[in-house]
There are 2 protein chains.
Amino acid sequence: MRQSPAAVVAAVDVGGTRIKASLVDRSYTVVTQTTVATPANIREDIGQVVTSTVRSLLADAPAASLAGVGVVVPGLVDEAGGIGRLSVNLGWRDLPIRDAVAQGVDVPVVLGHDVRAGLLAESRLGAARGHANVLFMPLGTGIAGALMLDGVVIAADGWAGELGHVVIDPDGPVCPCGQRGCLEVLGSASAVERAYAAATGQSASAEEVAHRTEAGDPVAGEVWNAAVAALGRGIVATVTLTGVDRVVVGGGLAQSGEVLLAPLRADVMARLTFQRPPQIVPAALGDRAGSLGAACLVWDAL
Amino acid sequence: MRQSPAAVVAAVDVGGTRIKASLVDRSYTVVTQTTVATPANIREDIGQVVTSTVRSLLADAPAASLAGVGVVVPGLVDEAGGIGRLSVNLGWRDLPIRDAVAQGVDVPVVLGHDVRAGLLAESRLGAARGHANVLFMPLGTGIAGALMLDGVVIAADGWAGELGHVVIDPDGPVCPCGQRGCLEVLGSASAVERAYAAATGQSASAEEVAHRTEAGDPVAGEVWNAAVAALGRGIVATVTLTGVDRVVVGGGLAQSGEVLLAPLRADVMARLTFQRPPQIVPAALGDRAGSLGAACLVWDAL
């Protein structure tokens, strides 16, 4: 006997270098998934790129019946209007992404923001389950942020969560954004790599600096601790201002695990005086948080 | 012909030195109001103090019919539980304020937080009307804060909004909270007074320092500008992290008006790079924001 078609949504996370896409059923099980390189002409072709990715997923899952499409993108996103307001990396401004995708499919399409969607997924399926006041902090080449407060992921018209550009040291290095001493130029993977190269004349990845720190290399340790201290200050400022009590650390730098998290917890605890101490935990969903969040958004909308 | 009784709520703002109370009708018109000194034994007698204040208001308004009581207090407040979790100024910890007041009245009682209630009132009746992403920043002896994000006043279990204790200068003076360089020790009225006394050996109120700044006194100007710069940094950090686009400045220091607001706007604009510029405006409801907010809370609950 043939099974009746299982309803799925297509969840597509359009990033600067890769597009991660999956079919996700009502219980958030990933039926099938794929990763493709982001084409250079994504700005012009986003509707076609997303719909052809969805079609190739559906070809792999003949028993699936498509109920909707969720797309998440970086930058500044107008979720209600379905518009990518600005992405420096992907080169668009005021791009009507939802409508472009909707032209290629005959199901509802929802547009979201990659990091806020990632937080939604972590809160529903991952490391923030059962928590109402959460900072989601993906650490990589840059530093992103998203806030859940009183149980709601905050958008503020797309402007919320720019933790990477909170000024930590007003006399610090100039950030590409134009401010000085942003968290991103002090605590990101790139910042660790730059500081290590400046101190030693050698190039090493942030992961390698983490390994050398663990192995007892004093110069690597100093560079690593400076990044941890910047992250600690950013977390404490966020806790003080917003009252979050759980910090979910994601992104490439979080792959370092306890080499990062143990000193980060100690740094934050040492800075706090009267504030509620946050739990600092690794993200659970890895680089699939964005696409799972896209699935949450579209299932919620259906 | 005698009028039928008009429904009112009693709105009571219990502060460190004064209790401000009013009867407020459904259209937020203040029917009558009073201010009394906060008694020393407020912790033991809060139920009796509030109910006797409400009775004296009702004696002044014989045509009014009491529908509910809203009480707002400072510190850490568990609004759902009706409990004052902690107030250093008023000397309580885990005080069941709502139940204490309810014993003396036969109408529903609602407990709220003074600053968050003030923001609710400013958003409904005052300087934040029509805005969904707002920082309310009362500046006085201390610096308080409350956030409205995506149209909701954020509580985070009572921990949200401690803007006065965001670290602005990690090498700054020690704050009573134990951190160094909190906004409160750099940008409050007390901070202005301390800095002016340190620079001149003279004591002058923050208001007087503002007057001398306006009159061109260079030392006063330097002290004033340092406080403005600290406030500017606090506002920019809040804008960056939360996406607020309206800052409502209240409290005693806001009485200085444009002597404060004009340089503060210029300072913030000079610091912003990519962020959405906030409007910085004076509070509209003055020291009645808290009690009007208490009225909003209880009318909403009825």
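Source: prediction; values computed, not measured.

## Quick word on the interface of chain A and chain B
In this complex, chain A contributes 34 residues to the contact, which on the side of chain B involves 34 residues. Here chain A packs against chain B, burying approximately 2,900 Å² in sum over the two surfaces, 62% of which is carbon and sulfur. By the criterion of area lost to chain B, the three top residues of chain A are Trp159(A), Leu241(A) and Phe274(A), representing 24% of everything that side buries. The interface formed by chain A and chain B holds two salt bridges in total.

## Side note on the relation of the copies chain A and chain B
Take chain A, turn it by 180°, move it 0.0 Å along the axis, and it overlays chain B with an RMSD of 0.0 Å. Such a combination of turn and shift is consistent with a two-fold rotation axis. An overlap of 100% is found between the interface residues of chain A and their copies at the interface of chain B, pointing to a shared contact surface.

## Some thoughts on the sheet that holds strand S2 (residues 18-25) of chain B
All names here are of chain B. Reading across from one edge, S3-S2-S1-S4-S8 is the order of the five strands in this open sheet, with mixed pairing throughout. With partners counted over all chains shown, the strands left at the sheet margins are strand S3 (30-37) and strand S8 (109-113), one partner each. Strand-to-strand, the axes of this sheet are offset by a mean angle of 20°, without reference to chain direction. Note that strand S1 (residues 6-14) and strand S4 (residues 64-73) share eight bridges and pair parallel. Counterpart to Val-8 in the pairing with S4 is Leu-66. Sitting on the sheet, helix H3 (residues 114-125) touches S1, S4 and S8, and the angle it makes with S8 is about 95°.

## Overview of the domain arrangement of chain A
Residue and element names in this part refer to chain A. Structurally, chain A comprises domain 1 (6-119 + 287-301) and domain 2 (130-283). Between the C-alpha centres of domain 1 and domain 2 the distance comes to 28 Å. Every contact between the two is made by seven residues of domain 1 and, on the other side, 15 residues of domain 2. Roughly 850 Å² of surface becomes buried between domain 1 and domain 2 when both sides are summed, with 78% attributable to carbon and sulfur atoms. Where domain 1 meets domain 2, there are zero salt bridges. When contributions to the side of domain 1 that touches domain 2 are tallied by element, the ones reaching two or more residues are strand S5 (76-78) and helix H3 (114-125). Among the elements that take part in the side of domain 1 that touches domain 2, H3 stands out by supplying four residues, more than any other. When grouped by side-chain class, the residues that make up the side of domain 1 that touches domain 2 number four nonpolar, one polar and two charged.

## Description of helix H8 (residues 258-271) of chain B
Every α-helix winds through 3.6 residues per turn, so residues three or four apart in the chain are directed the same way. Residues and elements named next belong to chain B. Given a rise of 1.5 Å per residue, 14 residues ought to cover 20 Å, and the 19 Å separating the end C-alpha atoms of H8 matches this to within 8%. Buried within H8 are the following residues: Val-259, Leu-260, Leu-261, Leu-264, Asp-267 and Val-268. Elements in contact with the buried residues of H8: helix H6 (206-214), helix H7 (218-242), strand S12 (246-250) and strand S13 (279-282).

## Some words on unusual backbone geometry
Positioned with a positive phi, Ala156(A) is a non-glycine residue whose angle comes to about 50°. The exposure class of Ala156(A) is buried, given its relative accessible area of 0%.

## Description of the state of the cysteines
Two cysteines whose sulfur atoms are joined by a covalent bond form what is called a disulfide. Residues and elements named next belong to chain B. For the coordinates displayed, the defined rule picks out zero disulfides over all chains. The closest cysteine sulfur to the non-disulfide-bonded Cys-175 is located on Cys-182, 3.8 Å from its own sulfur. Owing to a relative accessible area of 3%, Cys-175 belongs among the buried residues under this scheme.

## Quick notes on helix H9 (residues 289-301) of chain B
Residue and element names in this part refer to chain B. The terminal C-alpha atoms of H9, which comprises 13 residues, lie 18 Å apart, in line with the 18 Å expected from a rise of 1.5 Å per residue. Burial within H9 is extensive, with 10 of its 13 residues counted as buried. Buried residues of H9: Ala-289, Gly-290, Ser-291, Leu-292, Gly-293, Ala-294, Ala-295, Cys-296, Val-298 and Trp-299, and no others.

## Regarding the environment of His131(B)
Residues and elements named next belong to chain B. Mapped onto the fold, His-131 is located in the loop between H3 and strand S9 (134-138). When the C-alpha positions of His-131 and Arg-246 are compared, they lie 7.4 Å apart, and in sequence the two are 115 residues distant. Among residues more than four places away in sequence, those in contact with His-131 are Met-148, Arg-246 and Gln-279. Engagement of the side chain of His-131 in a polar contact is seen with the side chain of Arg-246, the distance being 3.3 Å.

## Quick word on the pattern of salt bridges
Scanning all chains against the criterion turns up 20 salt bridges over all chains. The partner of Asp157(A) in a salt bridge is Arg276(B), with the nearest N and O atoms 2.7 Å apart. On the criterion of chain membership, the pair formed by Asp157(A) in the loop between strand S11 (152-153) and helix H4 (183-187) and Arg276(B) in the loop between H8 and S13 is interchain, its members lying in two chains. Close ionic contact of Arg124(B) with Asp300(B) constitutes a salt bridge, the shortest N to O distance being 2.8 Å. Taken together, the residues Arg124(B) in helix H3 and Asp300(B) in helix H9 connect sequence positions 176 residues apart. Within this structure, Asp78(A), Arg85(A) and Asp94(A) form a network of salt bridges that share partners.

Rules used in this analysis
- Residues numbered from 1 in each chain as written.
- Chains lettered and ligands numbered in written order.
- Predicted model: local features only at pLDDT ≥ 70, side-chain atom pairs only at ≥ 80, totals over all residues.
- Heavy atoms only, no water.
- Contact = heavy atoms within 4.5 Å.
- Buried area = accessible area lost by both parts, 1.4 Å probe.
- Salt bridge = Lys/Arg side-chain N within 4 Å of Asp/Glu carboxyl O.
- Least-squares fit on C-alpha atoms with pLDDT ≥ 70 in both.
- Pairing = 2+ DSSP bridges.
- Helix = DSSP H or I, 4+ residues; strand = E, 2+ residues; numbered from the N terminus.
- Axes fitted to C-alpha atoms, helices over the stretch in contact; angles between N-to-C directions.
- Domains from an automatic or database assignment.
- Nonpolar A, V, L, I, M, F, W, Y, C, P; charged D, E, K, R; others polar.
- Expected span 1.5 Å × (residues − 1).
- Buried < 20%, exposed > 50% of the residue type's maximum accessible area, 1.4 Å probe, protein only.
- Disulfide = S-S within 2.5 Å.
- Polar contact = N/O pair within 3.5 Å; in protein donor to acceptor, adjacent residues only side chain to side chain.

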